[in-house]
Amino acid sequence: MGSCLSRKIIKKHLVSGQMKPGEEIGLKIDQTLTQDATGTMAYLQFESLEMPKVKTKVSVSYVDHNMLQTGFENADDHRYLQSSAAKFGVYFSRPGNGICHQVHRERFGEPGLTLLGSDSHTPTCGGLGMLAIGAGGLDIALAMGGEPFFMTMPKILGVHLIGKLRNWVTGKDVILEMLRRLTVKGGVGKIIEYYGQGVKSLSIHDRFTITNMGAELGATTSIFPSDEATKSYLSAQGRSKVWKKLVSDPKPDFDEHIEIDLSKLEPLIAQPHSPDNVVAVKEIEGIPVAQVCIGSCTNSSYHDLAIAAAMLKGKHVHPNVSMTLTPGSKQVYEMIAKDGILETIISAGARVLESACGPCIGMGLAPASGSVSIRSFNRNFEGRSGTSDAKVYLASPEVCTACALSGIITDPISLGIKPITIKEPRKYVVNDNMLIPPAKKVDNIKIIRGPNIKPLPAFEIMPDTLNSKVLLKVGDNITTDHIMPAGAKVLPLRSNIPAISEYTFSRIDTDFPKRAKEAGKCMVVGGDNYGQGSSREHAALAPKFLGLQAVIVKSFARIHLANLINFGILPLTFSNPTDYELINQGDELEIKDVKKIIMEGGVLKAKNLNNNSVVILNYSLTPRQKEIVFAGGALNYVKLQRK
Ligand code: MIC
Ligand code: SF4
């Protein structure tokens, strides 16, 4: 049996462990990326490592999330990030240069390398044959400091692609089909590797959309081979030198396997409020639409905007619809400005936004109460748009534009217009004047901090017995947006843990921070796939600041689990999932001799002091992770190691 592509790249970067699913492996990281909403913490953490410079080949600090400057906070963060990038040898992508995942694939992505990013959609660069993984900011800080990235060796799920997409069917429909089949937890613990004759027919942009939104499957990452399409893309970016052919061997050693016949797919749409709530567009045609947004790191490429413009040409946006288009990067913006696409879009009555995450993260453009918004984005969690009762649907730019023209949910096939082919540019506009390379002389560079940038809180080592109340009990698929919302109001507080902690669980229970502060320590109980979605470590850091000792659930999402460990919160799962019923919100739990039992590999029991029932809990921690949790988090642990 031959090796699949994922294992080939892992093998080249393996610094510890064995490539057996379930075992802990350490990977050498070639490149890192951070964005502003997670980056300030990552650089504060990097600073606390007291290293003069990053040790990676390339590290980039992007500003794309916190772009609405309604107060001084975001501008101060941008300045902090720019000065720390200069000081530590990091590229700085200025506000306006674009969304991190769009710019990174344009200017930095390289087949065969590893990329670790403090954003869950980092796997986008997997479209180039890169092993690109999302993680919490602390893991990125450690990788910048030259530490390996530790994770559990995933299973490799091979997705055999056959056939060819029909007209009006796109990469978005491929990933929506994956979500329909596998659900938001179907990719947990897996790398998704696409292969087979069908790959050839997928444009590089289709591939990026698919790898980007693999995050919604909960996957560790997704990857495509690096082939002729990859070569043309990198050449058009003036980077043909970094191209190399990368494919799996014949008969690759996948752990699991599925097949998708591309020719059988049709335009699909994810309904509120989950990316896996997928149906065929034609099944729900006719629903009135109030807003259409094309943008986000999933679908804001030159190709996406060109197709929307071709559909809009000579027509106008329906009077009941507010349509926005976001060029994903300055490069895309310059391209559409040059070749008339921008004019077509403006003339059709669409609103053009700056190159940033924008409405995807609730930074403006919240839809009207109870209204329907169709978006080319990747997440439609309840309330994420900024309007709690809005109904957000996810679909391709083609479907979005069809809806904007007709004012109702519409399958583009029903419009009866001729299929449109967009030619891949032979040369992209390359103008890196908003990308500041690392400074050569750093001695005089001062890191500039605004008053909203508060020092990192310090955490104590874990006590021998955990004894606290379950202050919150939640169900399945709780997202990190539930635990720590984003949006224009909360995002500016990302550098201020005491202030942001006031919003912990505010989507579910506005009283939680008050109760937690009164109690001083607490636990949370949840269902399956706890912590899915965003990589924001604030969803661990803020609850930790409020005294969260342990989270007991049926199962965890990967990045959040790692973040809990990184901040010294004990992650536990029910040995018997029906025991979930034995614990109620408000019950007091006691877990005695927790460290001793975990060190010795014994049976961990939580006693419910309210009904005297005893629940057996599993802990799936590697020896290194045990040390981290006991030390009160990874920063404490690394500092101890370096002493
Ligand atoms: C998101 O899409 O939810 C974000 C905002 O990009 C997050 C990161 C963050 O919360 O800062 C992500 O996907 O990791
Ligand atoms: Fe930005 Fe949205 Fe992409 Fe997250 S998913 S990086 S908020 S565009």
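Residues numbered from 1 in each chain as written. Chains lettered and ligands numbered in written order. Predicted model: local features only at pLDDT ≥ 70, side-chain atom pairs only at ≥ 80, totals over all residues. Heavy atoms only, no water.

Here's the deal with the sheet that holds strand E21 (residues 466–473)
What counts here: One bridge is not enough; two strands pair if DSSP finds at least two bridges between them. The way it works is that DSSP assigns letters per residue, a run of H or I at least four long becomes a helix, a run of E at least two long becomes a strand, and they are numbered from the N terminus. Helix axes are fitted to C-alpha atoms over the stretch in contact, other axes to C-alpha atoms as well, and angles between N-to-C directions run from 0 to 180 degrees. Residue contacts follow a heavy-atom distance rule, with two residues in contact if any of their heavy atoms lie within 4.5 Å.
Read around the closed barrel, the 7 strands follow the order E21-E22-E23-E24-E27-E26-E25; overall the barrel is mixed. Adjacent strand axes in the sheet meet at a mean angle of 35°, parallel and antiparallel pairs treated alike. Bridging between strand E24 (residues 570–574) and strand E27 (residues 614–618) involves 2 bridges; their strand directions are antiparallel. Following the sheet pairing, Thr-573 is matched in E27 by Asn-618. Packed on one face of the sheet, helix H16 (residues 512–519) meets E21 and strand E22 (522–525) and runs near 170° to E21.

Considerations on the domain arrangement of the chain
This is how the line gets drawn: All domain edges in this entry derive from an automatic or database-based domain assignment. Using a 1.4 Å probe, buried area is obtained as the accessible area two parts lose upon being combined, added over both of them. Any carboxyl oxygen of Asp or Glu within 4 Å of a side-chain nitrogen of Lys or Arg constitutes a salt bridge here. Residues are sorted three ways: Asp, Glu, Lys and Arg are charged, Ala, Val, Leu, Ile, Met, Phe, Trp, Tyr, Cys and Pro are nonpolar, and all the rest, Gly among them, are polar.
As assigned here, the chain comprises domain 1 (5–264), domain 2 (270–415) and domain 3 (466–485 + 497–642). Between the C-alpha centres of domain 1 and domain 3 there is a distance of 28 Å. Taken together, the contacts link 29 residues of domain 1 with 27 residues of domain 3. The three residues of domain 1 that bury the most area against domain 3 are Glu-24, Met-41 and Leu-138, which together make up 23% of that side's buried surface. Summed over the shared surface of domain 1 and domain 3, the result is 2 salt bridges. Of all the secondary structure elements, the ones that give two or more residues to the side of domain 1 that touches domain 3 are helix H2 (36–48), strand E7 (131–134), helix H5 (137–144) and strand E8 (149–152). In terms of residues, the side of domain 1 that touches domain 3 owes the most to one element, H2, which gives 6 residues. Residue composition of the side of domain 1 that touches domain 3, by class: 14 nonpolar, 10 polar and 5 charged.

Considering the environment of His-160
Short version of the rule: N or O atoms within 3.5 Å of each other form a polar contact, as long as, within protein, one can give a hydrogen and the other can take it, and as long as residues adjacent in sequence are counted only when both atoms are side-chain atoms.
Positionally, His-160 belongs in strand E9 (residues 155–162). Linking His-160 and His-257, residues 97 residues apart in sequence, is a C-alpha distance of 7.4 Å. The contact partners of His-160, leaving out residues within four places of it in the chain, are Tyr-195, Gly-196, His-257, Ile-258, Glu-259 and Ile-260. Only 2.9 Å separates the side chain of His-160 from the side chain of Glu-259, close enough to count as a polar contact.

As for the packing of aromatic side chains
Selection criterion: The pairing test for Phe, Tyr and Trp rings, Trp by its six-membered ring, is centres within 6.5 Å, and the orientation test on the planes gives stacked under 30 degrees, edge-to-face over 60, and tilted for anything in between.
For the coordinates displayed, the defined rule picks out 9 aromatic pairs. Centre to centre, the rings of Tyr-195 and Phe-254 are 4.8 Å apart; their planes meet at 45°, and the pair counts as tilted. Taken as a pair, Tyr-195 in strand E10 (residues 190–195) and Phe-254 in the loop between helix H8 (228–236) and strand E12 (256–261) lie far apart in primary sequence, 59 residues in all. One aromatic cluster in this structure is built from Phe-208, Tyr-233 and Tyr-428.

Focus: the site of ligand 2
Selection rule: Note on terminology: near, applied to a residue and a molecule or strand, indicates that one of the residue's heavy atoms is within 4 Å of it.
Taken together, His-65, His-101, Asp-119, His-121, Ser-296, Cys-297, Cys-357, Cys-360, Ile-361, Asn-378 and Arg-384 make up all the residues around ligand 2. Looking at the shell around ligand 2, you find at least three residues from each of domain 1 (5–264) and domain 2 (270–415).

Description of the site of ligand 1
Short version of the rule: All accessible areas in this document rest on Shrake-Rupley with a 1.4 Å probe, and a residue is counted as covered only by the protein chains that are shown.
Ligand 1 sits among 14 residues. The nearest are Asp-119, Ser-120, Arg-494, Ser-535 and Arg-536. The separation between an oxygen atom of ligand 1 and a polar side-chain atom of Ser-534 is 3.0 Å. Here Arg-536 contributes a side-chain N or O atom positioned 2.6 Å from an oxygen atom of ligand 1. Protein coverage of the free-state accessible area of ligand 1, which is 330 Å², stands at 97%. The residue inventory of the shell around ligand 1, partitioned by class, reads 2 nonpolar, 7 polar and 5 charged.

Some thoughts on the sheet that holds strand E6 (residues 114–117)
The strand order across the open sheet formed by 6 strands is E7-E6-E3-E4-E5-E20, and the pairing between neighbours is mixed. With one partner strand each, in any of the chains shown, E7 and strand E20 (435–436) form the two edges of the open sheet. Along the sheet face, helix H3 (residues 72–88) touches strand E4 (58–62), strand E5 (91–93) and E20 and points at about 155° away from the line of E5.

A closer look at the packing of helix H9 (residues 302–312) against helix H12 (residues 397–406)
Counted only if it meets this: Each angle receives one of four descriptions, namely roughly parallel if under 35 degrees, roughly antiparallel if over 145, roughly perpendicular if within 65 to 115, and oblique otherwise. Crossings are assigned a handedness: left-handed for a near helix turned anticlockwise from the far helix by less than a right angle, right-handed for a clockwise turn.
Remark: H9 packs on H12, axes separated minimally by 9 Å, with the N-to-C direction vectors making an angle of 30°. What the angle tells us is that H9 and H12 run roughly parallel. Taken as a pair, H9 and H12 cross one another with a handedness that is right-handed. Residues Asp-304, Ile-307, Ala-308, Met-311 and Leu-312 of H9 form the contact with H12, whose own contacting residues are Pro-397, Glu-398, Thr-401, Ala-402 and Leu-405. For the contact of H9 with H12, the class distribution of residues is 7 nonpolar, 1 polar and 2 charged.

Here we look at the pattern of salt bridges
What counts is decided by this rule: Only protein chains enter the area calculation, which uses a 1.4 Å probe; residues under 20% of their type maximum are buried, those over 50% are exposed, and those in between are partly exposed.
What the rule picks out here adds up to 26 salt bridges. Salt-bridge contacts for Glu-24 lead to Arg-624; the nearest nitrogen and oxygen are separated by 3.0 Å. You can see Glu-24 sitting in strand E2 (residues 24–27) and its partner Arg-624 sitting in helix H20 (residues 623–631), a full 600 residues away along the chain. Take Glu-24: its relative accessible area is 21%, and that puts it in the partly exposed class.

Points about the nonpolar core
Going by this rule: As used here, the term nonpolar core means buried Ala, Val, Leu, Ile, Met, Phe, Trp, Tyr and Cys residues forming a set that is joined through side-chain atoms within 4.5 Å.
Counting 104 residues, the largest nonpolar core has Phe-512, Tyr-530, Leu-570, Leu-572 and Ile-591 as the members making the most contacts within it. It is H5 that provides the largest number of residues to this core, a total of 6 residues. Viewed by domain, this core spans two of them, domain 1 (5–264) and domain 3 (466–485 + 497–642), each represented by three or more residues. Sequence-distant contacts of Leu-570, defined by excluding residues within four places in its chain, comprise Met-462, Leu-466, Gln-549, Ala-550, Val-551, Val-594, Ile-598, Leu-621 and Val-629.

Remarks on the side chain of Ser-93
With respect to the secondary-structure elements, Ser-93 resides in strand E5. Within polar-contact distance, the side chain of Ser-93 engages the side chain of Asn-97 at 3.0 Å. Residues contacting Ser-93, with those up to four places away along its chain left out, are Ser-61, Tyr-62, Val-63, Met-434 and Leu-435.

Side note on helix H4 (residues 100–107)
Summarising burial for H4: 8 of the 8 residues are buried, a large majority. What H4 keeps buried is the set Cys-100, His-101, Gln-102, Val-103, His-104, Arg-105, Glu-106 and Arg-107.

Structural notes on the environment of Lys-12
Its location among the elements puts Lys-12 in helix H1 (residues 5–13). Among the residues examined, Lys-12 registers a relative accessible area of 74% and is labelled exposed. Spatially, the C-alpha atoms of Lys-12 and Thr-114 are 9.8 Å apart, while their sequence positions differ by 102 residues.

Concerning the environment of Thr-124
With respect to the helices and strands, Thr-124 occurs in the loop between E6 and E7. On the basis of relative accessible area, Thr-124 is assigned to the buried category, the value being 0%. Thr-124 sits 414 residues away from His-538 along the chain, and the two C-alpha atoms are 22 Å apart. For Thr-124, the residues in contact, after removing those within four places along its chain, are His-101, Arg-105, Phe-208, Thr-211 and Asn-212. Engagement of the side chain of Thr-124 in a polar contact is seen with the backbone oxygen of His-121, the distance being 2.5 Å.

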